[in-house]
Amino acid sequence: MPKEFKKDFPNTFVIIDGTEIKIQKPSSLSSQSQCYSDYKSSTTLKGLVGVDPRGSVIFASMLFSVNISDKEITAQSGFLELLKKLLETGYLKEGDGVMADKGFLIHEMIEKLGVVFKSV
């Protein structure tokens, strides 16, 4: 882990972010509207990715239609269940942290597990 990061965020276990992946335009108009991203100006699918402070991918969700919020992806992706299992097995300890950008409105879901949420 980079020294500066470790100094500023010593208990960070995972850094999560949503990502959109460009896809071929679906033939169905309904699917086109479900997958169109105003942000990317194209058809995409959205997923949740988690990396540890060293950059190793430790979580990758299935892909969802773009019309889903970061909060819903976090709830539906299995990420919270993973955190619970890691807490139960001792790989993650209460007080360890999850970091995400300010757009992730998930601090209550994360902190309910006993894990610290840090938005940057």
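Cut-offs used in this document
Residues numbered from 1 in each chain as written. Predicted model: local features only at pLDDT ≥ 70, side-chain atom pairs only at ≥ 80, totals over all residues. Heavy atoms only, no water. Helix = DSSP H or I, 4+ residues; strand = E, 2+ residues; numbered from the N terminus. Buried < 20%, exposed > 50% of the residue type's maximum accessible area, 1.4 Å probe, protein only. Contact = heavy atoms within 4.5 Å. Areas by Shrake-Rupley, 256 points an atom, 1.4 Å probe, with all protein chains shown as cover. Lys, Arg positive; Asp, Glu negative; His and termini not counted. Salt bridge = Lys/Arg side-chain N within 4 Å of Asp/Glu carboxyl O. Phe/Tyr/Trp six-rings, centres within 6.5 Å; stacked < 30°, edge-to-face > 60°.

Novice: Please give an account of the overall build of the protein chain that cites residues and values.
Specialist: When its secondary structure is counted, the protein chain shows five helices and seven strands. The secondary structure elements of the protein chain, listed N-terminal to C-terminal, are α-β-α-β-β-β-β-α-α-β-α-β. For the protein chain, the residues scored as buried account for 35% of the 120 residues in total. The long-range share in the protein chain, meaning contacts at least 24 apart out of those at least 6 apart in sequence, stands at 49%. Split by element, the accessible area of the protein chain, about 7500 Å² in all, is 52% carbon and sulfur.

Novice: Describe the side chain of Asp96, with residues and values.
Specialist: Checked against the element boundaries, Asp96 lands in the loop between helix 4 (79-89) and strand 6 (97-100). Although Asp96 is buried, it forms no salt bridge, and the closest oppositely charged side chain is Lys93 at an N-O distance of 5.6 Å. With sequence-adjacent residues up to four places away left out, Asp96 is seen in contact with Asn11, Phe13, Val115 and Val116.

Novice: Any chance you could break down the packing of aromatic side chains for me, citing the residues and the numbers?
Specialist: Following the criterion strictly, the structure yields two aromatic pairs and no others. The interplanar angle of 45° and the centroid separation of 5.2 Å between the aromatic rings of Phe5 and Phe9 together place this pair among those described as tilted. For Phe5, a relative accessible area of 19% gives the class buried.

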